[in-house]
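Given next are the chains, with one letter for each unit.
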Amino acid sequence: KSAAMDTESTYSGYSHYSGHSKKAHRQGRDRHKSPRSKDGSRSEKSVTIQAPPAEPLLGNDASRAEEGQDDNWGETTTAITGTSEHSISQEDIARISKDLEDSVGLDCKRYLGLTVAAVLGLLVFFTPIAFILLPQILWRDDLEPCGTVCEGLFISVAFKLLILLIGTWALFFRQPKADIPRVFVFRALLLVLIFLFVFSYWLFYGVRILDSKDTNYQGIVQYAVSLVDALLFIHYLAIVLLELRQLQPMFTVKVVRSTDGESRYYSLGHLSIQRAALVVLENYYRDFTVYNPALLTASKSRAAKHMAGLKVYNVDGPGNNASGQSRAMIAAAARRRDSSHNELYYEEADHERRVKKRRARLVVAVEEAFTHIKRLQAEEQQKAPGEMMDPREAAQAIFPSMARALQKYLRTTRQQQYHSMESILQHLSFCITNNMTPKAFLERYLNPGPTLQYDRDRWFSKQWTLVSEEAVTSGLQDGIVFVLKCLDFSLVVNVKKIPFIKLSEEFIDPKSHKFVLRLQSETSV
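Residues numbered from 1 in each chain as written. Predicted model: local features only at pLDDT ≥ 70, side-chain atom pairs only at ≥ 80, totals over all residues. Heavy atoms only, no water.

**Student:** When you look at unusual backbone geometry in this model, what are you seeing that I'm missing?
**Tutor:** Note: most peptide bonds trans; most residues except glycine with negative phi. One non-glycine residue, Lys-213, lies in positive phi territory at about 50 degrees. Looking at the secondary structure, you find Lys-213 in the loop between α7 (185-210) and α8 (217-244). Take Lys-213: its relative accessible area is 48%, and that puts it in the partly exposed class. At Asn-435, a residue that is not glycine, the phi angle is positive and equals roughly 55 degrees. Secondary-structure assignment places Asn-435 in the loop between α14 (421-433) and α15 (438-446). For Asn-435, a relative accessible area of 65% gives the class exposed. (Helix = DSSP H or I, 4+ residues; strand = E, 2+ residues; numbered from the N terminus. Buried < 20%, exposed > 50% of the residue type's maximum accessible area, 1.4 Å probe, protein only.)

**Student:** Explain the packing of aromatic side chains to me, please; I cannot follow it from the model alone.
**Tutor:** For any pair of aromatic rings, the description consists of the separation of the ring centres together with the inter-plane angle of the planes. Using the criterion set out here, one finds 22 aromatic pairs in the structure. Look at Tyr-284 and Trp-464: their rings are 5.7 Å apart centre to centre, the planes differ by 80 degrees, and that puts the pair in the edge-to-face class. In this pair, Tyr-284 is assigned in helix α9 (residues 273-287) and Trp-464 in the loop between α15 and β3 (465-468), connecting sequence segments 180 residues apart. Judged on exposure class, the residue Tyr-284 and its partner Trp-464 are both buried. Here the aromatic rings of Phe-370 and Phe-441 are separated by 5.8 Å at their centres, their planes lie at 45 degrees, and the arrangement is tilted. In this pair, Phe-370 is assigned in helix α12 (residues 337-380) and Phe-441 in helix α15, connecting sequence segments 71 residues apart. In terms of burial, Phe-370 and Phe-441 fall into one category: buried. Members of the aromatic cluster, joined through ring pairs, are Phe-131, Phe-197, Tyr-201, Trp-202, Phe-204, Tyr-205 and Tyr-223. In this structure, Arg-257 is placed above the aromatic ring of Phe-489, and the distance from its NZ or CZ to the ring centre is 5.9 Å. Against the face of Phe-288 rests Arg-264, its NZ or CZ located 5.2 Å from the ring centre. (Phe/Tyr/Trp six-rings, centres within 6.5 Å; stacked < 30°, edge-to-face > 60°. Lys NZ or Arg CZ within 6 Å of the ring centre and 35° of its normal.)

**Student:** Would you mind going over the packing of helix α6 (residues 148-171) against α8 with me for this structure?
**Tutor:** A pair of packed helices is captured by two measures, namely the crossing angle of their axes and the spacing between those axes. The interhelical angle for the contact between α6 and α8, taken along N-to-C directions, is 20 degrees, at an axis separation of 10 Å. The pairing of α6 with α8 is recorded here as roughly parallel in orientation. Viewed along their axes, α6 and α8 form a crossing whose handedness is left-handed. The residue inventory of the contact of α6 with α8, partitioned by class, reads 17 nonpolar, five polar and three charged. (Axes fitted to C-alpha atoms, helices over the stretch in contact; angles between N-to-C directions. Parallel < 35°, antiparallel > 145°, perpendicular 65-115°, else oblique. Left-handed = near helix turned anticlockwise from the far one by under 90°. Nonpolar A, V, L, I, M, F, W, Y, C, P; charged D, E, K, R; others polar.)

**Student:** So what exactly am I meant to see when it comes to the UniProt feature "transmembrane region" (unreviewed entry) in the protein chain here?
**Tutor:** Under the present numbering, the feature "transmembrane region" (unreviewed entry) in UniProt falls on residues 111-133, 153-172, 184-204 and 224-244. Here residues 111-133 runs as 100% helix and 0% strand, with 32 Å between its end C-alpha atoms. Across residues 153-172, the secondary structure splits into 95% helix and 0% strand, with the terminal C-alpha atoms separated by 28 Å. (UniProt positions renumbered as here; feature names shortened; annotations may be inferred.)

**Student:** What am I meant to see in the pattern of salt bridges here?
**Tutor:** Proximity of charged atoms lets side chains of opposite charge pair with each other. Inspection of every chain in the model, using the stated rule, returns eight salt bridges. For Glu-422, the salt bridge goes to Arg-392, with nearest N and O atoms at 3.2 Å. Residue Glu-422 is located in helix α14, and its partner Arg-392 is located in helix α13 (residues 391-412); the two are separated by 30 residues in the primary sequence. Among the residues examined, Glu-422 registers a relative accessible area of 35% and is labelled partly exposed. One network of salt bridges, with partners in common, ties together Arg-257, Asp-260, Glu-262 and Arg-264. (Salt bridge = Lys/Arg side-chain N within 4 Å of Asp/Glu carboxyl O.)

Right, here's the structure in full:
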């Protein structure tokens, strides 16, 4: 119901704007009225569902009336001719179905892996302690006395187990950053190696020590010490395979966003395809500007407008000649190509002019508002402490003076869906608290920042799908191409191997740097 109320309020602003220009455009509407509008029953059932508009910066009715007269009012207008209580987009349906399918499987796989690793870690840690304690419990009276060397081995085992525990916690017990589609091959191999290693030690211990009840207690303690030493070497092998092997750059990847063509280059080491995809996504949220689908609507609407002006007449009678009509439309569009670039040039020039104009108004409004805050601070220092304003109250006091200019600028640059009123107030109070300048406050709005700068609710990319012709557990190779897809766009990753560089040396004798000045007879020297 709330979505329907928002839509009806937007529609009221649209009807208010149309009432002012009714007389001026009556003849144009009658001339270009479509035949479909004559059918009353069909128009009553038609509903247009668009992306939900961003939260308005100004909540009063006057601002909403003025929004209808904005230059880009048509981009945020939703026309509705029926009654709608619930509205949902196709993207929301796809997200809900995808989450329901993947949530159960991913959670089970994550907890299963953590459980197996935790059980194996406890087994590894308590195995040397069990090797030492079992003879003391089962055949304590038959054991040989433990001398000084044996007691010193106790201290060695204790400190080595402490070092192994800290290293295992630092290397393996980390909070996962993402859910990968396949297992991490090297980590799985290490777990299998540790299990086989501990199992073989237990097998030898049961056959040679428990069955025979060996009385040489110092030898049993040395056997436990050898197990701890081997576990420390396995931990060193894990550091090499999991951390050090990937540090040396071996490949250069080019990441291209499919919608607007924005690209970046990154250097990667020996990684599998799925781990390389994780690195690419981490860098994407940090380096790429936030995806804004509103910037792509201009080119699409321009192409649709050109194609809408073309009409194809079938002079041969009704027949199945769709291919001929498409070829005729393409040929007509090609003939009109010479005049379309002029329209694009003037459209972009007009857009840049409006952006610069509204940017100048925004800068002036923000500077005046911050000057007012500085004056308030100087006056409030002379008042009682109970009358002082906190940063939140100061932000709410100066926000109305800049809200109109900021709203117009965000609508012109099509950034209104990323900035709500609450987020702007929080950023303004943060700048006031830290004594930041107006330029620092405007930096977030004048230039679109990376995805991490905005709230997660404003992101268009939360869940990704890895598409690759090769197995995702295989390593990177020269020429491999894989795609990271989300609902709105995709990232195309092209892998190139860093070429082998042959560097030679050439020695230059310092004594060879000698020069001769040649004088001409006609010179003044």
